[in-house]
Amino acid sequence: MAERPTLRFLAGLFHHRWNVPVLAELRRTDGAKFVTLARRLDVSHDSLTRTLGDLVERGWVLRNAGYGHPLRPEYVLVPQARQLAERCLLLTSVLGRLGILDVAMKKWSMPILFALGSGHRRFSQLRAAMADATPRALSLTLKGLQPPGLVQRFVEGNYPPSSIYELTSKGRELTPVLATFEVN
């Protein structure tokens, strides 16, 4: 079964760890200065610079130099990104409620959870679905999703043995939220 374009979109959205929290914060506050974002999100200057650069390049955020001091611009959402930012706000609130925000914001966590939302998968199936991810990145992410109780691993007893991954009930709570991220 071919993956929907949403998986590729999620991989791009989570490429920078801070994309989703920044979009959520900009939606919550209707714009913010760089320093305000850095303090509220507790993010380093370099990470926030890279993230805002990516969001501006994708056309989701604008640097509003006309607000306040020209060397301290405000960043605002473009109108077309408001719906995406609303989804990011919902996602971060659910992740915060579950206490898994840090684990979930890693690059491949949400795309893997989205891919597993359609049922259990073997490692090779996940690897094929996410061609841009290295096997090591997938393996480390899958291992990282097990301790917080989002993914469980089963080993099939056939020869050679193979691993099957599936969402736990906690992981399935994220499926409806992730399903709202559609490619426009």
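What you see is a predicted model, and the numbers here were worked out from it, not measured in a lab.

**Student:** Residue-level account of the packing of helix α3 (residues 34-41) against helix α4 (residues 45-57), with values.
**Tutor:** Axis separation between α3 and α4 bottoms out at 10 Å; the angle between their running directions is 115°. Relative to α4, the crossing made by α3 is right-handed. Between α3 and α4, the contacting residues are Phe34, Leu37 and Ala38 on the first element and His45, Leu48, Thr49 and Leu52 on the second. Grouping the amino acids of the contact of α3 with α4 by side-chain chemistry returns five nonpolar, two polar and no charged.

**Student:** Any details on the packing of aromatic side chains? Residues and values, ideally.
**Tutor:** Scanning the model with the defined rule gives one aromatic pair in all. Measuring from ring centre to ring centre gives 6.0 Å for Phe9 and Trp60, while their planes differ by 65°; the resulting arrangement is edge-to-face. In this pair, Phe9 sits in helix α1 (residues 5-13) while Trp60 sits in the loop between α4 and β2 (61-64), placing the two residues 51 residues apart along the sequence. Each member of the pair Phe9 and Trp60 is classed as buried. Lying across the ring of Trp18, Arg17 places its NZ or CZ 3.8 Å from the centre.

**Student:** Give me the lowdown on the sheet that holds strand β4 (residues 121-122), citing residues and values where you can.
**Tutor:** With antiparallel pairing, the three strands of this open sheet are ordered in space as β4-β6-β5. Two strands bound the open sheet, and with one partner strand each, they are β4 and β5 (151-156). The sheet contact formed by β4 and strand β6 (residues 162-167) spans two bridges and is antiparallel. Paired with Arg122 across the two strands is Ile164, which belongs to β6. Running over the sheet, helix α7 (residues 109-116) touches β4, β5 and β6 and is turned about 90° from β6.

Scoring rules and cut-offs
- Residues numbered from 1 in each chain as written.
- Predicted model: local features only at pLDDT ≥ 70, side-chain atom pairs only at ≥ 80, totals over all residues.
- Heavy atoms only, no water.
- Axes fitted to C-alpha atoms, helices over the stretch in contact; angles between N-to-C directions.
- Helix = DSSP H or I, 4+ residues; strand = E, 2+ residues; numbered from the N terminus.
- Left-handed = near helix turned anticlockwise from the far one by under 90°.
- Contact = heavy atoms within 4.5 Å.
- Nonpolar A, V, L, I, M, F, W, Y, C, P; charged D, E, K, R; others polar.
- Phe/Tyr/Trp six-rings, centres within 6.5 Å; stacked < 30°, edge-to-face > 60°.
- Buried < 20%, exposed > 50% of the residue type's maximum accessible area, 1.4 Å probe, protein only.
- Lys NZ or Arg CZ within 6 Å of the ring centre and 35° of its normal.
- Pairing = 2+ DSSP bridges.

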